[in-house]
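Residues per chain are reported as follows:
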Amino acid sequence: MLTPRQLFLRHQAQTSDFPLLLEIERAEGVYMYAPDGRRYLDLIAGIGVSNVGHRHRRVVQAIKDQTDKFLHLMVYGELVSAPPALLAEALHQTLPQQLDTVYFTNSGAEAVEGALKLAKRHTGRTELVSCHRAYHGSTQGALSVTGSEGFKRSYRPLLPDVRHIEPHYLPDLALITERTAAVIIETVAGEAGVRVPPPGYLPALRQRCTEVGALLILDEIQCGFGRTGTFWAFDQFGIEPDILLCAKGMGGGMPIGAFISTQEIMAGFKTNPILGHCTTFGGHPVSCAASLATLHAIQEENLLAGVADKAARFRAQLQHPAIREVRGCGLLMAVEFESFDVLKPIIDRALFHEGILTDWFLFCDNSLRIAPPLIITNDQIDEACAALLRAIEFVVG
Ligand code: PLP
(Lines give C-alpha, C1' and ligand atoms only; values in the text may rest on other atoms or scores of the structure.)
Protein backbone atom coordinates (compact mmCIF):
# COMPACT_ATOMS: atom_id res chain seq x y z
CA MET A 1 0.00 0.00 0.00
CA LEU A 2 1.58 3.27 -1.12
CA THR A 3 1.43 6.29 1.18
CA PRO A 4 -0.45 9.46 0.11
CA ARG A 5 2.94 11.11 -0.46
CA GLN A 6 4.04 8.31 -2.80
CA LEU A 7 0.70 8.38 -4.62
CA PHE A 8 0.90 12.17 -4.93
CA LEU A 9 4.29 11.89 -6.59
CA ARG A 10 3.34 8.91 -8.75
CA HIS A 11 -0.17 9.85 -9.94
CA GLN A 12 -0.82 13.56 -9.40
CA ALA A 13 0.48 15.90 -12.09
CA GLN A 14 3.41 17.89 -10.78
CA THR A 15 3.99 21.55 -11.58
CA SER A 16 7.55 21.74 -10.32
CA ASP A 17 10.36 19.41 -9.33
CA PHE A 18 10.39 20.77 -5.79
CA PRO A 19 6.92 20.61 -4.18
CA LEU A 20 6.84 21.21 -0.42
CA LEU A 21 5.65 17.61 0.13
CA LEU A 22 4.13 18.42 3.50
CA GLU A 23 1.17 16.15 4.18
CA ILE A 24 -1.78 17.69 6.01
CA GLU A 25 -4.52 15.63 7.61
CA ARG A 26 -6.79 18.29 9.09
CA ALA A 27 -6.99 22.04 9.60
CA GLU A 28 -8.76 24.34 12.03
CA GLY A 29 -8.58 28.12 12.44
CA VAL A 30 -5.05 29.26 11.60
CA TYR A 31 -3.48 25.82 12.08
CA MET A 32 -2.94 22.82 9.86
CA TYR A 33 -1.99 19.40 11.28
CA ALA A 34 0.20 16.67 9.81
CA PRO A 35 -0.64 12.97 10.31
CA ASP A 36 2.02 12.79 13.06
CA GLY A 37 0.16 15.55 14.94
CA ARG A 38 2.68 18.28 14.11
CA ARG A 39 1.03 21.68 13.97
CA TYR A 40 1.71 24.32 11.30
CA LEU A 41 0.67 27.94 11.55
CA ASP A 42 -0.75 28.94 8.17
CA LEU A 43 0.63 32.39 7.38
CA ILE A 44 -0.63 32.41 3.78
CA ALA A 45 -4.22 31.14 4.08
CA GLY A 46 -3.97 28.88 1.02
CA ILE A 47 -2.84 31.94 -0.97
CA GLY A 48 -5.58 34.31 0.09
CA VAL A 49 -8.35 31.73 0.45
CA SER A 50 -8.93 30.94 4.13
CA ASN A 51 -9.58 34.55 5.16
CA VAL A 52 -12.04 33.44 7.84
CA GLY A 53 -9.75 30.59 8.90
CA HIS A 54 -9.87 26.89 8.12
CA ARG A 55 -13.24 25.23 8.69
CA HIS A 56 -14.96 28.30 10.04
CA ARG A 57 -17.95 27.10 12.06
CA ARG A 58 -20.51 29.09 10.02
CA VAL A 59 -19.04 27.96 6.71
CA VAL A 60 -19.03 24.29 7.69
CA GLN A 61 -22.60 24.55 8.97
CA ALA A 62 -23.78 26.26 5.77
CA ILE A 63 -22.15 23.51 3.69
CA LYS A 64 -23.81 20.80 5.79
CA ASP A 65 -27.20 22.49 5.60
CA GLN A 66 -26.96 22.85 1.83
CA THR A 67 -25.79 19.28 1.23
CA ASP A 68 -28.91 18.14 3.08
CA LYS A 69 -31.05 19.96 0.51
CA PHE A 70 -29.46 19.54 -2.94
CA LEU A 71 -26.11 19.63 -4.75
CA HIS A 72 -25.96 20.41 -8.46
CA LEU A 73 -29.27 20.97 -10.21
CA MET A 74 -28.73 22.41 -13.66
CA VAL A 75 -26.24 24.42 -15.76
CA TYR A 76 -25.84 28.14 -15.11
CA GLY A 77 -28.75 30.52 -15.49
CA GLU A 78 -31.84 28.37 -15.94
CA LEU A 79 -33.29 27.18 -12.63
CA VAL A 80 -33.78 29.46 -9.64
CA SER A 81 -32.35 28.49 -6.25
CA ALA A 82 -31.75 30.41 -3.07
CA PRO A 83 -27.95 30.06 -2.52
CA PRO A 84 -26.72 31.99 -5.61
CA ALA A 85 -29.64 34.43 -5.49
CA LEU A 86 -29.05 35.32 -1.84
CA LEU A 87 -25.30 35.57 -2.39
CA ALA A 88 -25.71 37.86 -5.41
CA GLU A 89 -27.92 40.16 -3.36
CA ALA A 90 -25.55 40.12 -0.38
CA LEU A 91 -22.61 40.97 -2.67
CA HIS A 92 -24.58 43.87 -4.12
CA GLN A 93 -25.12 45.22 -0.59
CA THR A 94 -21.33 45.56 -0.24
CA LEU A 95 -20.90 47.34 -3.58
CA PRO A 96 -21.62 50.64 -5.33
CA GLN A 97 -25.25 50.73 -6.47
CA GLN A 98 -24.59 50.18 -10.17
CA LEU A 99 -22.59 46.97 -9.64
CA ASP A 100 -25.74 44.94 -9.20
CA THR A 101 -25.33 41.91 -11.46
CA VAL A 102 -23.20 38.88 -10.62
CA TYR A 103 -21.99 36.05 -12.83
CA PHE A 104 -20.69 33.17 -10.71
CA THR A 105 -17.74 31.05 -11.80
CA ASN A 106 -15.73 28.21 -10.26
CA SER A 107 -12.39 29.98 -10.00
CA GLY A 108 -10.50 33.22 -10.38
CA ALA A 109 -9.20 32.50 -13.86
CA GLU A 110 -12.75 31.78 -15.05
CA ALA A 111 -13.88 35.12 -13.65
CA VAL A 112 -11.09 36.77 -15.66
CA GLU A 113 -12.10 34.87 -18.81
CA GLY A 114 -15.73 35.93 -18.47
CA ALA A 115 -14.83 39.55 -17.80
CA LEU A 116 -12.53 39.78 -20.84
CA LYS A 117 -15.25 38.36 -23.09
CA LEU A 118 -17.82 40.71 -21.59
CA ALA A 119 -15.62 43.76 -22.18
CA LYS A 120 -15.06 42.80 -25.83
CA ARG A 121 -18.77 42.14 -26.29
CA HIS A 122 -19.81 45.41 -24.66
CA THR A 123 -17.34 47.72 -26.41
CA GLY A 124 -17.02 45.94 -29.75
CA ARG A 125 -13.25 46.44 -29.37
CA THR A 126 -10.50 43.87 -29.14
CA GLU A 127 -7.50 45.42 -27.39
CA LEU A 128 -6.90 44.40 -23.78
CA VAL A 129 -4.49 46.33 -21.57
CA SER A 130 -2.88 44.87 -18.47
CA CYS A 131 0.16 45.45 -16.30
CA HIS A 132 3.65 44.04 -16.37
CA ARG A 133 4.12 41.57 -13.51
CA ALA A 134 0.35 41.21 -13.01
CA TYR A 135 -1.01 37.72 -12.36
CA HIS A 136 -4.52 36.98 -13.58
CA GLY A 137 -4.55 33.19 -13.87
CA SER A 138 -3.35 30.26 -15.90
CA THR A 139 -6.04 29.63 -18.54
CA GLN A 140 -5.30 30.96 -22.01
CA GLY A 141 -7.16 34.28 -21.78
CA ALA A 142 -6.06 34.97 -18.21
CA LEU A 143 -2.50 33.98 -19.11
CA SER A 144 -2.62 36.37 -22.08
CA VAL A 145 -3.19 39.33 -19.76
CA THR A 146 -0.71 38.05 -17.18
CA GLY A 147 2.36 40.25 -17.28
CA SER A 148 5.19 37.74 -17.47
CA GLU A 149 6.75 36.67 -20.75
CA GLY A 150 8.47 33.80 -18.95
CA PHE A 151 5.12 32.25 -18.06
CA LYS A 152 3.68 32.77 -21.54
CA ARG A 153 6.49 31.98 -23.97
CA SER A 154 5.94 28.23 -24.18
CA TYR A 155 2.19 28.57 -24.68
CA ARG A 156 2.01 31.06 -27.55
CA PRO A 157 0.04 31.90 -29.58
CA LEU A 158 -2.20 33.33 -26.89
CA LEU A 159 -4.83 36.10 -27.26
CA PRO A 160 -3.85 38.72 -29.83
CA ASP A 161 -4.11 42.46 -29.19
CA VAL A 162 -2.88 42.47 -25.60
CA ARG A 163 -0.80 45.45 -24.51
CA HIS A 164 1.09 45.68 -21.22
CA ILE A 165 1.68 48.91 -19.36
CA GLU A 166 4.02 49.67 -16.49
CA PRO A 167 1.93 49.52 -13.30
CA HIS A 168 1.42 52.74 -11.36
CA TYR A 169 3.23 54.77 -14.05
CA LEU A 170 1.09 57.72 -15.16
CA PRO A 171 2.73 58.33 -18.61
CA ASP A 172 1.67 54.84 -19.74
CA LEU A 173 -2.00 55.76 -19.34
CA ALA A 174 -1.67 57.40 -22.77
CA LEU A 175 -1.35 53.88 -24.22
CA ILE A 176 -5.00 53.29 -23.28
CA THR A 177 -6.97 54.55 -26.28
CA GLU A 178 -10.27 54.37 -28.19
CA ARG A 179 -9.08 50.93 -29.40
CA THR A 180 -9.01 49.55 -25.85
CA ALA A 181 -11.87 47.29 -24.78
CA ALA A 182 -10.71 47.01 -21.19
CA VAL A 183 -7.91 47.60 -18.76
CA ILE A 184 -7.50 44.81 -16.22
CA ILE A 185 -5.52 45.59 -13.08
CA GLU A 186 -5.19 44.16 -9.58
CA THR A 187 -6.30 46.83 -7.13
CA VAL A 188 -3.29 45.83 -5.02
CA ALA A 189 -0.85 43.81 -7.10
CA GLY A 190 -0.31 40.50 -5.29
CA GLU A 191 2.16 38.34 -7.18
CA ALA A 192 4.30 41.35 -8.08
CA GLY A 193 5.16 41.32 -4.38
CA VAL A 194 2.30 43.37 -2.90
CA ARG A 195 2.53 46.70 -4.71
CA VAL A 196 0.07 49.29 -3.45
CA PRO A 197 -0.89 51.98 -5.98
CA PRO A 198 0.38 55.43 -5.05
CA PRO A 199 -2.27 58.05 -4.26
CA GLY A 200 -3.85 59.40 -7.43
CA TYR A 201 -2.89 56.54 -9.74
CA LEU A 202 -6.15 54.58 -9.69
CA PRO A 203 -8.32 57.74 -10.02
CA ALA A 204 -6.18 58.78 -13.03
CA LEU A 205 -6.57 55.31 -14.54
CA ARG A 206 -10.32 55.42 -13.92
CA GLN A 207 -10.53 58.80 -15.61
CA ARG A 208 -8.52 57.68 -18.63
CA CYS A 209 -10.73 54.61 -19.11
CA THR A 210 -13.86 56.75 -18.94
CA GLU A 211 -12.38 59.29 -21.41
CA VAL A 212 -11.66 56.69 -24.08
CA GLY A 213 -14.66 54.41 -23.38
CA ALA A 214 -12.62 51.45 -22.14
CA LEU A 215 -13.98 49.34 -19.30
CA LEU A 216 -12.01 49.18 -16.07
CA ILE A 217 -11.77 45.65 -14.67
CA LEU A 218 -10.50 45.45 -11.09
CA ASP A 219 -9.08 42.04 -10.21
CA GLU A 220 -9.71 41.55 -6.49
CA ILE A 221 -9.30 37.81 -6.64
CA GLN A 222 -6.43 37.94 -4.16
CA CYS A 223 -7.23 41.13 -2.25
CA GLY A 224 -11.02 40.82 -2.05
CA PHE A 225 -13.28 39.79 0.81
CA GLY A 226 -11.48 41.76 3.48
CA ARG A 227 -7.83 40.90 3.10
CA THR A 228 -6.71 44.52 2.78
CA GLY A 229 -8.81 45.70 5.74
CA THR A 230 -11.81 46.91 3.77
CA PHE A 231 -14.32 44.49 2.28
CA TRP A 232 -13.12 45.43 -1.21
CA ALA A 233 -9.66 46.91 -1.67
CA PHE A 234 -11.00 49.56 -4.08
CA ASP A 235 -13.00 51.00 -1.16
CA GLN A 236 -9.67 52.56 -0.08
CA PHE A 237 -8.83 54.21 -3.38
CA GLY A 238 -11.84 56.37 -4.26
CA ILE A 239 -12.73 54.66 -7.54
CA GLU A 240 -15.31 52.22 -8.85
CA PRO A 241 -14.73 49.59 -11.52
CA ASP A 242 -16.95 48.69 -14.45
CA ILE A 243 -16.30 45.01 -13.78
CA LEU A 244 -15.10 43.57 -10.48
CA LEU A 245 -13.50 40.14 -10.11
CA CYS A 246 -13.38 38.01 -7.00
CA ALA A 247 -12.67 34.37 -6.08
CA LYS A 248 -10.28 32.75 -3.58
CA GLY A 249 -11.32 34.19 -0.18
CA MET A 250 -14.95 34.57 -1.17
CA GLY A 251 -15.63 30.85 -0.74
CA GLY A 252 -14.30 30.41 2.79
CA GLY A 253 -12.42 27.37 1.46
CA MET A 254 -14.85 26.28 -1.25
CA PRO A 255 -14.23 26.88 -4.98
CA ILE A 256 -16.12 29.88 -6.32
CA GLY A 257 -15.45 33.08 -8.22
CA ALA A 258 -17.47 35.87 -9.75
CA PHE A 259 -17.38 38.78 -12.12
CA ILE A 260 -19.72 41.57 -11.21
CA SER A 261 -20.93 44.45 -13.35
CA THR A 262 -23.99 46.49 -14.28
CA GLN A 263 -27.24 45.06 -15.63
CA GLU A 264 -26.57 46.90 -18.88
CA ILE A 265 -23.06 45.58 -19.48
CA MET A 266 -23.92 42.06 -18.37
CA ALA A 267 -26.91 41.99 -20.74
CA GLY A 268 -24.41 41.46 -23.58
CA PHE A 269 -24.37 37.74 -22.84
CA LYS A 270 -28.09 37.37 -23.57
CA THR A 271 -28.06 38.05 -27.31
CA ASN A 272 -25.95 37.60 -30.43
CA PRO A 273 -25.42 34.82 -29.51
CA ILE A 274 -27.70 33.76 -26.69
CA LEU A 275 -25.79 31.88 -23.96
CA GLY A 276 -22.85 34.21 -24.54
CA HIS A 277 -21.11 32.71 -21.52
CA CYS A 278 -21.91 29.28 -20.11
CA THR A 279 -20.75 27.14 -17.23
CA THR A 280 -21.99 23.87 -15.77
CA PHE A 281 -20.91 24.37 -12.18
CA GLY A 282 -20.58 28.17 -11.84
CA GLY A 283 -22.59 29.29 -8.81
CA HIS A 284 -22.63 25.80 -7.30
CA PRO A 285 -25.16 25.86 -4.46
CA VAL A 286 -22.77 24.46 -1.86
CA SER A 287 -20.07 26.98 -2.79
CA CYS A 288 -22.60 29.82 -2.77
CA ALA A 289 -23.89 28.79 0.66
CA ALA A 290 -20.29 28.69 1.93
CA SER A 291 -19.58 32.08 0.38
CA LEU A 292 -22.64 33.69 1.95
CA ALA A 293 -21.60 32.29 5.34
CA THR A 294 -18.09 33.69 4.76
CA LEU A 295 -19.48 37.12 3.95
CA HIS A 296 -21.68 37.05 7.06
CA ALA A 297 -18.78 35.88 9.23
CA ILE A 298 -16.64 38.81 8.05
CA GLN A 299 -19.45 41.28 8.68
CA GLU A 300 -20.99 39.95 11.88
CA GLU A 301 -17.73 38.98 13.59
CA ASN A 302 -16.33 42.37 12.67
CA LEU A 303 -13.20 40.80 11.18
CA LEU A 304 -12.23 43.89 9.20
CA ALA A 305 -11.91 46.02 12.32
CA GLY A 306 -8.77 44.23 13.52
CA VAL A 307 -6.89 43.99 10.22
CA ALA A 308 -4.92 47.26 10.39
CA ASP A 309 -3.77 46.65 13.98
CA LYS A 310 -2.77 43.09 13.19
CA ALA A 311 -0.75 44.24 10.19
CA ALA A 312 0.93 46.89 12.37
CA ARG A 313 1.77 44.19 14.94
CA PHE A 314 3.54 42.15 12.24
CA ARG A 315 5.41 45.23 11.03
CA ALA A 316 6.51 46.23 14.53
CA GLN A 317 8.07 42.82 15.16
CA LEU A 318 9.46 41.98 11.74
CA GLN A 319 12.63 43.98 12.14
CA HIS A 320 16.01 42.50 11.32
CA PRO A 321 19.05 43.76 9.43
CA ALA A 322 18.32 41.15 6.72
CA ILE A 323 14.82 42.58 6.10
CA ARG A 324 15.03 45.31 3.49
CA GLU A 325 11.40 46.41 3.45
CA VAL A 326 7.93 45.38 4.56
CA ARG A 327 5.21 46.31 2.05
CA GLY A 328 1.54 45.76 2.50
CA CYS A 329 -2.09 46.66 2.46
CA GLY A 330 -3.87 45.21 5.49
CA LEU A 331 -3.01 41.54 5.92
CA LEU A 332 -1.58 41.22 2.41
CA MET A 333 2.10 41.73 3.18
CA ALA A 334 5.52 41.20 1.60
CA VAL A 335 8.77 41.09 3.56
CA GLU A 336 11.68 41.77 1.25
CA PHE A 337 15.13 40.17 1.54
CA GLU A 338 18.22 40.60 -0.58
CA SER A 339 17.53 37.66 -2.88
CA PHE A 340 15.71 34.36 -3.37
CA ASP A 341 18.88 32.60 -2.26
CA VAL A 342 18.54 34.26 1.15
CA LEU A 343 14.75 33.91 1.32
CA LYS A 344 14.26 30.27 0.31
CA PRO A 345 16.26 28.76 3.19
CA ILE A 346 14.34 31.04 5.58
CA ILE A 347 11.03 29.73 4.22
CA ASP A 348 12.26 26.12 4.52
CA ARG A 349 13.62 26.64 8.02
CA ALA A 350 10.38 28.34 9.12
CA LEU A 351 8.33 25.45 7.76
CA PHE A 352 10.33 22.42 8.78
CA HIS A 353 11.80 23.63 12.10
CA GLU A 354 9.36 26.26 13.29
CA GLY A 355 6.05 24.98 11.90
CA ILE A 356 5.25 28.20 10.02
CA LEU A 357 3.94 27.98 6.45
CA THR A 358 4.91 30.93 4.24
CA ASP A 359 5.80 31.39 0.59
CA TRP A 360 7.32 33.82 -1.89
CA PHE A 361 5.57 35.56 -4.81
CA LEU A 362 5.42 34.42 -8.43
CA PHE A 363 6.97 37.63 -9.78
CA CYS A 364 8.90 38.73 -6.70
CA ASP A 365 11.03 35.90 -5.44
CA ASN A 366 13.00 37.88 -2.88
CA SER A 367 9.92 38.63 -0.78
CA LEU A 368 8.20 36.53 1.87
CA ARG A 369 4.41 36.31 1.67
CA ILE A 370 2.44 37.05 4.83
CA ALA A 371 -1.31 36.75 4.30
CA PRO A 372 -2.75 34.83 7.26
CA PRO A 373 -6.40 34.18 8.05
CA LEU A 374 -7.91 37.46 9.25
CA ILE A 375 -8.90 35.70 12.49
CA ILE A 376 -5.26 35.36 13.57
CA THR A 377 -4.90 36.50 17.19
CA ASN A 378 -2.23 38.77 18.68
CA ASP A 379 -0.66 35.78 20.43
CA GLN A 380 -0.50 33.87 17.16
CA ILE A 381 1.07 36.88 15.43
CA ASP A 382 3.69 37.05 18.18
CA GLU A 383 4.30 33.30 17.87
CA ALA A 384 4.71 33.62 14.07
CA CYS A 385 7.03 36.63 14.24
CA ALA A 386 9.27 35.07 16.89
CA ALA A 387 9.54 31.91 14.80
CA LEU A 388 10.28 33.85 11.62
CA LEU A 389 12.97 35.89 13.34
CA ARG A 390 14.56 32.66 14.65
CA ALA A 391 14.52 31.26 11.11
CA ILE A 392 16.04 34.47 9.70
CA GLU A 393 18.71 34.48 12.40
CA PHE A 394 19.51 30.81 11.73
CA VAL A 395 19.97 31.42 8.01
CA VAL A 396 21.74 34.79 7.89
CA GLY A 397 23.38 34.63 11.31
N1 PLP B 1 -6.04 36.96 -10.24
C2 PLP B 1 -5.25 37.09 -9.17
C3 PLP B 1 -4.89 38.46 -8.68
C4 PLP B 1 -4.74 35.97 -8.51
O5 PLP B 1 -3.93 36.12 -7.44
C6 PLP B 1 -5.11 34.69 -8.99
C7 PLP B 1 -4.57 33.48 -8.34
O8 PLP B 1 -3.60 33.51 -7.63
C9 PLP B 1 -5.95 34.59 -10.10
C10 PLP B 1 -6.40 35.74 -10.70
C11 PLP B 1 -6.37 33.24 -10.64
O12 PLP B 1 -7.24 32.62 -9.76
P13 PLP B 1 -7.42 31.03 -9.78
O14 PLP B 1 -6.14 30.42 -9.32
O15 PLP B 1 -8.59 30.77 -8.87
O16 PLP B 1 -7.74 30.65 -11.19
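Residues numbered from 1 in each chain as written. Predicted model: local features only at pLDDT ≥ 70, side-chain atom pairs only at ≥ 80, totals over all residues. Heavy atoms only, no water.

1. Quick notes on the site of the ligand
Phase 1 of the analysis: Taken together, Ser107, Gly108, Ala109, Tyr135, His136, Gly137, Glu186, Asp219, Ile221, Gln222 and Lys248 make up the full set of residues adjacent to the ligand.
Phase 2 of the analysis: The contact in question runs from a nitrogen atom of the ligand to an N or O atom on the backbone of Tyr135, over 3.3 Å.
Phase 3 of the analysis: Asp219 is positioned with one of its side-chain polar atoms (N or O) 2.7 Å from a nitrogen atom of the ligand.
Phase 4 of the analysis: When the ligand sits alone it has 390 Å² of accessible area, and the protein chains cover 83% of it.
Phase 5 of the analysis: Here the shell around the ligand is composed, by residue class, of 3 nonpolar, 5 polar and 3 charged. (Near = heavy atom within 4 Å. Polar contact = N/O pair within 3.5 Å; in protein donor to acceptor, adjacent residues only side chain to side chain. Areas by Shrake-Rupley, 256 points an atom, 1.4 Å probe, with all protein chains shown as cover. Nonpolar A, V, L, I, M, F, W, Y, C, P; charged D, E, K, R; others polar.)

2. Some remarks on the pattern of salt bridges
Phase 1 of the analysis: Summed over all chains, the structure comprises 20 salt bridges.
Phase 2 of the analysis: With its nearest N and O atoms 2.4 Å apart, the salt bridge here joins Arg133 to Glu166. Placement of the pair is Arg133 in the loop between strand 5 (127-131) and helix 6 (140-145) and Glu166 in the loop between strand 6 (162-165) and strand 7 (180-186), with a sequence separation of 33 residues.
Phase 3 of the analysis: We note a salt bridge from Glu211 to Arg208, for which the minimum N-O separation is 3.0 Å. Residue Glu211 and its partner Arg208 are both found in helix 8 (residues 201-212); the two are separated by 3 residues, about one turn of the helix.
Phase 4 of the analysis: Through salt bridges with shared partners, one network takes in Arg57, Arg58, Glu300 and Glu301. (Salt bridge = Lys/Arg side-chain N within 4 Å of Asp/Glu carboxyl O. Helix = DSSP H or I, 4+ residues; strand = E, 2+ residues; numbered from the N terminus.)

3. Considering the nonpolar core
Phase 1 of the analysis: Leu91, Phe104, Ile176, Leu205, Trp232, Met250 and Ile260 are the most contacted members of the largest nonpolar core, which totals 58 residues.
Phase 2 of the analysis: Of all the elements, helix 10 (residues 285-300) adds the most residues to this core, at 8 residues. (Core = buried A, V, L, I, M, F, W, Y, C linked by side-chain atoms within 4.5 Å. Buried < 20%, exposed > 50% of the residue type's maximum accessible area, 1.4 Å probe, protein only.)

4. With respect to the packing of aromatic side chains
Phase 1 of the analysis: Throughout the structure, instances matching the rule amount to 10 aromatic pairs.
Phase 2 of the analysis: Aromatic pair Tyr76 and Tyr103: ring centres 4.1 Å apart, planes at 15°, arrangement stacked. With Tyr76 in the loop between helix 3 (57-67) and helix 4 (82-93) and Tyr103 in strand 4 (residues 101-105), this residue pair connects regions lying 27 residues apart in the sequence.
Phase 3 of the analysis: Looking at Tyr76, the relative accessible area reads 24%, which means it is partly exposed.
Phase 4 of the analysis: What makes Tyr103 buried here is its relative accessible area of 5%.
Phase 5 of the analysis: Centre to centre, the rings of Phe340 and Trp360 are 4.9 Å apart; their planes meet at 70°, and the pair counts as edge-to-face. Of this pair, Phe340 sits in helix 12 (residues 340-354) while Trp360 sits in strand 14 (residues 359-361), placing them 20 residues apart in sequence. (Phe/Tyr/Trp six-rings, centres within 6.5 Å; stacked < 30°, edge-to-face > 60°.)

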